[in-house]
Amino acid sequence: MIDRQLFKLAGASAIMRKLAVIEILQAFFIIGQALALSAVLTGLWKGHALNWLLLLLFIVCFALRQLINTIRDAILNKYSGKIAEDLREKLLTKVFNEGQALVQKQGTGSLITMALDGVDEVRQYVKLIYSKVLTMMIVPIIVFICMLCLNCLSAVILLLMYPLIVLFMIILGHAAQDKAIKQFGRFQVLSNNFIDSLRGIDTLKYLGLSKRYSKSIYRLSENFRKKTMAVLKVAMLSTFALDFFTTLSIAIIAVFLGFDLMNGKINLFPALGILILAPDFFLPIRDFAGDFHATLNGKNAFKRINELIAAPKEPVKKIALTDWSANDELIINDLRFNYLKGAEIGPINFKIKGYQKIGIIGMSGSGKSTLINLISGFLTPSQADIEIEGHKTNTMNIPDWQRQLIYIPQQPYVFSKSLRENIAFYHPEATDQEILQAIHVMGLDDLLNDLPKGLDTVIGQGKRALSGGQAQRIALARAFLDPKRKVMIFDEPTAHLDIETEIDLKTKMLPLMQKRLVFFATHRLHWLKEMDYILVMNHGQLVGQGTFADLQANNSYFIDLIHGMRGESNDQ
Amino acid sequence: MINRIPILKALKNDRWVRPFLKRYKKTLILAIFLGILTFFCGGGLMFCAGYLISRSAARPENILLVYVPIVLTRAFGVFRPAVRYVERLVSHNWVFRMTSKFRQQLYDSLERDATNFNSKYQLGDILGLLSDDVSHIQNLYLRSIFPMMVAWGLYAIIVIGLGWLSPLMGLWMLVVFGLIIFAIPIWSVLVNGARQTYEKQMQDKLYADLTDNVMGVNDWVLSGRGSAFLKLHVKDQQELFEVDQVMKKFERWRDYTFQLVYLLAIVSLIIWGMFRFGQRDTYYTNWIAAFALALFPTVSAFAGLPAAAQETNIYKDSLNRLNNLPGPEVENKKAITLKAPYEIDLKDVHYTYPKTDKEILHGLNLTIKNGEKLAILGRSGAGKSTLASLLRGDRTPDSGSITLNGISTDQFGDQIANYFSIINQNPYLFNTTIGNNLRLGNEDATDDQLWDVLRRVGLDQMVEKLPQGLETEVDEAGLRFSGGERHRLALARILLKDTPIVLLDEPTVGLDPITEQAVIDTFMTQLKGKTLIWITHHLQGIDQMDQVIFLEDGKIYMQGSPKELWQTEQRYRELKRADQGL
């Protein structure tokens with residue numbers, strides 16, 4: 001019921017002790033409240049005047065019982081909040097230290113859900129599980145002992161109900177669970193279906209079907225309702241069973257007590273006492289059952305977050321590298337990488353020296369991006385024999401290497417921050433003058449003029465989406481501001497741009513590549529002529545390397561590739 | 001003061017809650033009745049049990065004298081869980097039923113402007129929000145509106161019942177339960193509602209913030225500033241946590257106050273019992289315990305009200321968002337039937353997006369003849385996509401005209417789909433079988449026809465290899481259509497639709513040149529004879545077109561056949577050379 005991990009949490013045993021004391025106190029207040037009330041009522045029944053002292057006792061016990069609940073809630077709230085925030089911090093530290101590799105493995109959406117909703121569920125779980133379990137372990141026992149003293153038989157009858165309730169809940173719970181799991185699948189299908197048809201609503205409209213589809217949305221939803229109701233009929237039976245046995249046992253006890261009273265075996269005071277205590281005897285298990293599902297989610301989230309935090313780190317090589325200079329060498333030998341699906345990249349061997357521009361060409365899926373990610377250290381090779389600036393290493397995940405990288409993907413990420421912060425991202429100390437210069441050089445003046453608050457205007461997805469060309473220019477402006485970073489890595493930077501923007505951008509990019517080591521993955525042919533050296537990828541293999549002229553003269557795959565890429569090239 | 005409750009403001013001009021409550025009135029009333037009955041049975045059980053015990057304690061000679069309370073005790077004991085079970089089924093059924101209609105209404109609202117969502121990001125955001133809104137409104141019904149109505153019913157019973165026995169007590173209960181039902185929930189909304197709203201906003205902000213930064217995680221890692229962001233985020237989280245603590249603290253003391261007011265109700269019932277029945281024969285005093293005990297089980301009908309009221313502050317945004325959607329469109333366009341040849345004519349077309357002041361197109365003139373193949377090029381923002389939606393009649397030019405065989409394209413409404421087909425950048429495949437996806441083009445298509453179009457787009461062999469062929473779900477695990485294949489499927493759908501005009505809106509962006517060329521070749525051969533309008537971002541495959549126009553700043557600045565342009569335009573030659581890497 002309780003996760004073992006929970007006991008490992010800081011302060012777990014202290015909180016358990018505190019809670020145990022609180023629960024014991026609570027049980028005594030429950031008893032005090034019940035006995036005082038039945039004493040008051042018995043007195044009144046006998047025709048006596050109201051015993052104000054006893055009534056006051058009832059009021060005090062009632063108020064104290066609620067007060068102690070309030071205090072328990074406060075303690076647990078603070079504790080569970082602290083646990084949750086610690087967990088969140090650990091998780092996020094992991095994410096922002098490991099970067100892309102982890103994000104790709106987990107998926108952006110799932111990571112964020114875990115860090116926000118997941119952690120909140122854990123908080124709820126920690127809060128509920130301690131109090132509910134302890135209440136269930138302590139309160140009914142003390143209440144039972146009290147009832148035993150009042151009237152043996154009734155207490156035993158009520159006790160016998162307990163296992164019966166648990167048994168029925170388990171049986172019905174299982175039956176419902178199977179159905180509910182299936183139905184949950186259906187629910188996913190339906191809500192996906194609904195979102196699906198909303199997402200495709202323009203396609204439906206283009207096909208002239210959108211109006212008719214409205215009815216089918218209703219029909220689907222109604223179908224789903226009918227099926228869900230069928231499941232609920234079963235699922236709610238477990239609550240019904242719980243309800244049924246508790247209320248019925250109270251009714252039975254009342255009748256039993258009635259007979260005993262008539263036969264003079266018992267007095268009114270203990271009889272009333274038992275009747276008042278009976279609902280409180282069952283309350284803990286009802287509460288627990290009610291929150292059971294909420295705790296399940298939290299339990300799963302807790303497990304998953306802990307697993308993620310404990311997952312092994314991507315290996316890092318801490319080598320002291322200097323800024324890349326004209327004489328530095330990078331020698332890659334026998335570089336391999338295995339995808340989860342089993343496909344393999346490599347072995348790849350090449351050697352570069354100084355400020356070269358390396359083009360990487362190949363069709364989609366040939367392994368260009370993977371090679372780029374291996375070189376930048378975002379992925380860890382399954383095998384590699386690398387020598388960089390004379391140091392041996394088996395991964396490029398080297399902090400000193402990444403410190404000098406400028407990485408520009410197909411769609412550079414534009415943060416929902418001001419234009420200034422976006423451009424100065426790598427160089428936050430840049431002055432406005434430097435930033436304006438970068439904007440000017442990269443041809444972003446028009447954008448700047450369009451922004452109502454100039455440099456302070458917040459851009460990015462939610463606010464003001466930029467075109468692909470503008471995002472590229474921002475990435476280039478970042479690079480322009482940071483001349484100390486000597487290695488540039490491009491992954492298809494212009495593939496999705498229109499030809500005119502592409503040519504315009506090319507004139508901005510080329511000067512940035514001066515005096516830098518450049519890796520440039522592309523399938524746009526005009527870039528190749530700018531490259532000093534070209535790596536040709538096909539199906540994960542490096543099938544050729546050399547200068548453009550070399551390859552054109554000697555490499556048949558390269559020649560075919562170029563030919564194919566030009567389409568039916570008419571030799572005008 | 002009441003005006004300060006946000007949900008009430010949101011409900012004023014509402015199309016999403018009140019009409020639905022009215023529409024399903026009968027089930028709602030039944031559910032409320034059952035809800036009240038549940039608590040009535042609960043109270044009844046304790047009432048009868050209390051009376052039974054008291055009566056038995058007086059040692060009646062004959063068991064028959066307590067027969068009625070015995071039967072009633074048992075009856076209430078059985079009825080309470082049964083009624084509760086039925087009530088939960090009825091109320092859930094009620095909500096699901098409304099949700100069905102609700103979804104339909106939401107769909108109809110969106111359908112109206114379906115083609116004018118600007119960017120896919122925005123669309124995704126809107127959809128995520130809207131589907132959350134559906135569940136929020138469900139919660140509003142089930143967790144706020146329904147329990148409130150049950151509590152009101154119970155309130156009425158308690159006040160009227162006791163008022164009938166003694167009017168003064170009825171009045172007193174009117175006040176005490178009035179505190180419970182109105183004062184505490186309203187107090188809660190007013191004090192904590194703002195906090196709850198703030199918390200929700202903070203949460204949304206954190207969500208957006210974290211998404212933003214996780215998506216840009218590479219830049220954080222490379223810039224070496226990851227820990228700086230983390231510090232900031234943790235600080236925000238901490239702030240949120242503190243707000244939450246303040247809110248929770250209020251809730252705890254509010255709930256404590258609630259319990260004390262309830263205690264007041266119980267104690268006043270005991271004291272009233274003493275005055276009404278006390279210090280007399282047991283015939284009278286038997287009732288004291290009955291009344292005092294009956295109140296205990298009803299507490300749960302009221303305990304959730306303050307929280308439920310406070311929660312409505314979260315739902316307010318959902319409700320406002322939904323109410324701001326346009327109402328469904330009432331389309332009464334004239335029936336239009338056109339015959340070949342089809343000719344499109346643009347005369348001096350000007351267009352500015354609503355609520356902006358930058359004119360996108362200024363003075364466009366163009367004729368597209370039947371069967372012509374036209375390519376439209378231009379930078380992003382030059383107005384290519386705007387032109388596409390104008391051509392299809394989804395938007396109306398500010399001045400000038402766009403006509404198909406002399407009739408303005410915006411006059412067609414949905415009938416335009418009989419003449420125009422579109423394939424855009426991300427052809428949408430619905431989450432159903434391949435066959436069903438294709439049949440969207442023609443619902444009556446036979447399997448033979450489906451295979452025929454699949455063959456024409458070059459996918460027949462691939463689909464044949466799938467174990468379930470046409471019946472394979474497009475999203476099933478392991479089966480992922482590559483970019484090129486998606487476009488081919490979209491083309492197959494269009495071929496089934498068989499419209500005379502096809503508009504391709506940058507369909508090959510992001511494909512590698514070899515795949516791209518193959519897709520273009522298929523498009524060109526299969527759409528032979530149709531009028532083809534192809535918006536493209538570079539010059540791959542351009543030589544197969546009859547006419548090419550370049551848009552810049554909302555105007556045509558180059559126009560002609562590819563051959564003419566190559567011969568006469570220096571700029572065209574440069575672009576073409578660059579594209580080919582010559």
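Just so we're clear, the structure is a prediction, and the values are computed from it rather than from any experiment.

Rules behind the numbers
Residues numbered from 1 in each chain as written. Chains lettered and ligands numbered in written order. Predicted model: local features only at pLDDT ≥ 70, side-chain atom pairs only at ≥ 80, totals over all residues. Heavy atoms only, no water. Helix = DSSP H or I, 4+ residues; strand = E, 2+ residues; numbered from the N terminus. Rg over C-alpha atoms; globule rule 2.2 N^0.38 Å. Buried < 20%, exposed > 50% of the residue type's maximum accessible area, 1.4 Å probe, protein only. Contact = heavy atoms within 4.5 Å. Buried area = accessible area lost by both parts, 1.4 Å probe. Salt bridge = Lys/Arg side-chain N within 4 Å of Asp/Glu carboxyl O. Polar contact = N/O pair within 3.5 Å; in protein donor to acceptor, adjacent residues only side chain to side chain. Pairing = 2+ DSSP bridges. Axes fitted to C-alpha atoms, helices over the stretch in contact; angles between N-to-C directions. Domains from an automatic or database assignment. UniProt positions renumbered as here; feature names shortened; annotations may be inferred. Phe/Tyr/Trp six-rings, centres within 6.5 Å; stacked < 30°, edge-to-face > 60°. Lys, Arg positive; Asp, Glu negative; His and termini not counted. Parallel < 35°, antiparallel > 145°, perpendicular 65-115°, else oblique. Nonpolar A, V, L, I, M, F, W, Y, C, P; charged D, E, K, R; others polar. Disulfide = S-S within 2.5 Å. Patch = residues over 30% accessible without salt bridge, like charges linked within 9 Å, V, L, I, M, F, W, Y side chains within 5 Å. Areas by Shrake-Rupley, 256 points an atom, 1.4 Å probe, with all protein chains shown as cover. Charge placed at Lys NZ, Arg CZ, Asp CG, Glu CD. Core = buried A, V, L, I, M, F, W, Y, C linked by side-chain atoms within 4.5 Å.

Quick look at the overall build of chain A now. Helix and strand counts for chain A stand at 18 helices and 10 strands. Against the compact-globule benchmark of 25 Å for 572 residues, chain A has a radius of gyration of 36 Å, which places it well outside the compact range. In terms of overall dimensions, chain A has C-alpha extents of about 115 × 60 × 50 Å along its principal axes. Classification of the 572 residues of chain A by burial places 56% in the buried group.

Attention now goes to the interface of chain A and chain B. Tallying the contact residues gives 143 residues for chain A and 147 residues for chain B. Counting each side, the surface lost to burial between chain A and chain B is near 13,500 Å², with a carbon and sulfur contribution of 66%. Looking at the side of chain A facing chain B, the largest losses of area belong to Trp45, Phe96 and Tyr206 of chain A, adding up to 7% of the total buried there. At the boundary of chain A and chain B, one finds 10 salt bridges. On the surface where chain A and chain B come into contact, there are 35 residue pairs in polar contact (both at pLDDT 80 or more). Among the elements that take part in the side of chain A that touches chain B, helix H8 (residues 210-262) of chain A stands out by supplying 32 residues, more than any other.

Another aspect to go through is the sheet that holds strand S2 (residues 344-353) of chain A. Residue and element names in this part refer to chain A. Across the sheet, which stays open at both edges, the 4 strands sit in the order S2-S1-S4-S5 with antiparallel pairing between neighbours. With partners counted over all chains shown, the strands left at the sheet margins are S2 and strand S5 (391-393), one partner each. Taking the axes of each pair of neighbouring strands and ignoring which way they run, one obtains an average angle of 10° across the sheet. Where strand S4 (residues 383-388) meets S5, 3 bridges bridge the pair, whose relative direction is antiparallel. Residue pairing for S5: isoleucine 388 is matched across the bridge by histidine 391. Its contacts with the sheet put helix H10 (residues 368-376) on strand S1 (329-338) and S2, and the angle it makes with S1 is roughly 125°.

The next thing to look at is unusual backbone geometry. Cis geometry is adopted by the peptide bond preceding proline 341 of chain B, which originates at alanine 340 of chain B and carries an omega value of -5°. Although it is not a glycine, aspartate 334 of chain A adopts a positive phi angle of roughly 55°. For aspartate 334 of chain A, the position within the fold is in strand S1. Classification of aspartate 334 of chain A as partly exposed rests on a relative accessible area of 23%.

To continue, consider the pairing of strand S6 (residues 405-408) of chain A. All names here are of chain A. On S6, burial covers both faces: Leu405 and Tyr407 on one face and Ile406 and Ile408 on the other are all buried. Looking at chain direction, S6 and strand S7 (residues 487-491) are connected through 4 bridges and run parallel. Across the sheet, residue leucine 405 finds its bridge partner in S7, namely valine 487.

For chain B, the assigned domains are domain 1 (2-324) and domain 2 (344-580). The distance between the C-alpha centroids of domain 1 of chain B and domain 2 of chain B comes to 53 Å.

Let us now look at the domain arrangement of chain A. By domain assignment, chain A separates into domain 1 (4-310) and domain 2 (329-415 + 485-566). Each of domain 1 of chain A and domain 2 of chain A has a C-alpha centre, and these two points are 57 Å apart.

Time to look at the UniProt feature "transmembrane region" (unreviewed entry) in chain B. Residue and element names in this part refer to chain B. Within this structure's numbering, the places UniProt gives as "transmembrane region" (unreviewed entry) are residues 28-52, 64-83, 145-165, 171-192, 256-275 and 287-309. Between the C-alpha atoms that bound residues 256-275 there is a distance of 29 Å. The span itself is 100% helix and 0% strand. Across residues 287-309, helical content stands at 78% and strand content at 0%; the span's end C-alpha atoms are separated by 35 Å.

Let's shift gears to the packing of aromatic side chains. To describe a pair of aromatic rings, one takes the distance between the centres and the angle between the planes. Taken as a whole and judged by the stated rule, the model has 50 aromatic pairs over all chains. Here phenylalanine 425 of chain A and tryptophan 220 of chain B contribute two aromatic rings whose centre-to-centre distance is 4.7 Å and whose plane-to-plane angle is 70°, an arrangement assigned as edge-to-face. Of the two residues, phenylalanine 425 of chain A is situated in the loop between helix H12 (419-423) and helix H13 (432-441) and tryptophan 220 of chain B in helix H7 (residues 217-223); the pairing between them involves two chains. Under the relative-accessibility criterion, tryptophan 220 of chain B is labelled buried at 5%.

Residues and elements named next belong to chain A. Read from one edge to the other, the open sheet built from 6 strands follows the order S6-S7-S8-S3-S9-S10, with strand pairing classed as mixed. Each edge of the open sheet carries a strand with a single partner, namely S6 and strand S10 (541-546). Each strand of the sheet is rotated relative to its neighbour by a mean of 15°, with strand direction disregarded. Along the sheet, helix H15 (residues 468-481) makes contact with S6 and S7, crossing S6 at roughly 175°.

Moving on: the side chain of threonine 403 of chain B. Residue and element names in this part refer to chain B. On the secondary structure map, threonine 403 appears in strand S4 (residues 399-404). Judged by relative accessible area, which is 13%, threonine 403 ranks as buried. Excluding its chain neighbours within four sequence positions, the residues that come into contact with threonine 403 are Glu343, Ile344, Asp345, Ser408 and Thr409.

With that settled, consider the side chain of lysine 417 of chain A. Mapping lysine 417 of chain A onto the fold places it in the loop between S6 and H12. Buried charge lysine 417 of chain A goes without a salt bridge, the closest partner of opposite sign being glutamate 421 of chain A at 4.7 Å. Filtering out sequence-adjacent residues up to four positions away, lysine 417 of chain A remains in contact with Asn422, Thr457, Val458 and Ile459 of chain A together with Asn213 and Trp220 of chain B.

Viewed as axis vectors pointing N to C, helix H16 (residues 499-512) of chain A and helix H19 (residues 570-580) of chain B meet at an angle of 75°, and their least axial separation amounts to 10 Å. It follows that H16 of chain A is roughly perpendicular to H19 of chain B by the angle criterion. In this structure, H16 of chain A contributes Ile499, Glu500 and Ile503 of chain A to the contact, and H19 of chain B contributes Arg571, Leu575, Ala578 and Asp579 of chain B. Of the residues assigned to the contact of H16 of chain A with H19 of chain B, the class counts are 4 nonpolar, no polar and 3 charged.

Our next topic: the state of the cysteines. Residues and elements named next belong to chain A. Enumeration over the complete set of coordinates arrives at 0 disulfides over all chains. Between cysteine 146, a free cysteine, and cysteine 149, which holds the nearest cysteine sulfur, the sulfur-to-sulfur gap is 6.3 Å. Given the relative accessible area of 12%, cysteine 146 is considered buried.

Turning our attention to a positive patch on the surface. Residues and elements named next belong to chain B. Residues Arg18, Lys22, Lys25 and Lys26 make up a contiguous surface patch of positive charge. Elements that contribute at least two residues to the positive patch include exactly helix H2 (18-23) and helix H3 (25-57). Structurally, lysine 26 is set in helix H3. Given a relative accessible area of 75%, lysine 26 falls into the exposed group.

A few words now on the environment of proline 452 of chain A. Residues and elements named next belong to chain A. Within the element layout of this structure, proline 452 appears in the loop between helix H14 (445-450) and H15. Judged by its relative accessible area of 69%, proline 452 is exposed. Sequence-distant contacts of proline 452, defined by excluding residues within four places in its chain, comprise Thr457 and Arg464.

With that settled, consider the nonpolar core. In this structure, Tyr130, Trp401 and Phe519 of chain A together with Tyr141, Phe177 and Phe302 of chain B are the most contacted members of the largest nonpolar core, which totals 276 residues. Apart from residues no more than four positions distant in its own chain, tyrosine 130 of chain A is found in contact with Leu6, Ala12, Ile15, Met16, Leu19, Leu76 and Tyr79 of chain A. Core analysis: the second largest hydrophobic core is formed by 47 residues, Leu447, Ile474, Ala477 and Phe520 of chain A among them.

Residue and element names in this part refer to chain A. Within the UniProt annotation, "transmembrane region" (unreviewed entry) is assigned to residues 21-44, 50-68, 133-150, 156-176 and 234-259. Secondary structure content for residues 21-44 is 100% helix and 0% strand, and the end C-alpha separation is 35 Å. A helix fraction of 100% and a strand fraction of 0% characterise residues 133-150, whose end C-alpha atoms lie 26 Å from each other.

The next thing to look at is the pattern of salt bridges. Counted under the stated rule, the structure contains 45 salt bridges over all chains. The closest approach of N and O atoms between glutamate 500 of chain A and arginine 571 of chain B, which form a salt bridge, is 3.2 Å. Taken together, the residues glutamate 500 of chain A in helix H16 and arginine 571 of chain B in helix H19 connect one chain to another. By relative accessible area, glutamate 500 of chain A is classed as buried at 3%. Of the charged contacts in the structure, one is a salt bridge between glutamate 552 of chain B and arginine 379 of chain B, with a shortest N-O distance of 3.9 Å. On the criterion of sequence distance, the pair formed by glutamate 552 of chain B in strand S9 (residues 547-552) and arginine 379 of chain B in the loop between strand S3 (373-378) and helix H12 (384-391) is long-range, its members being 173 residues apart.

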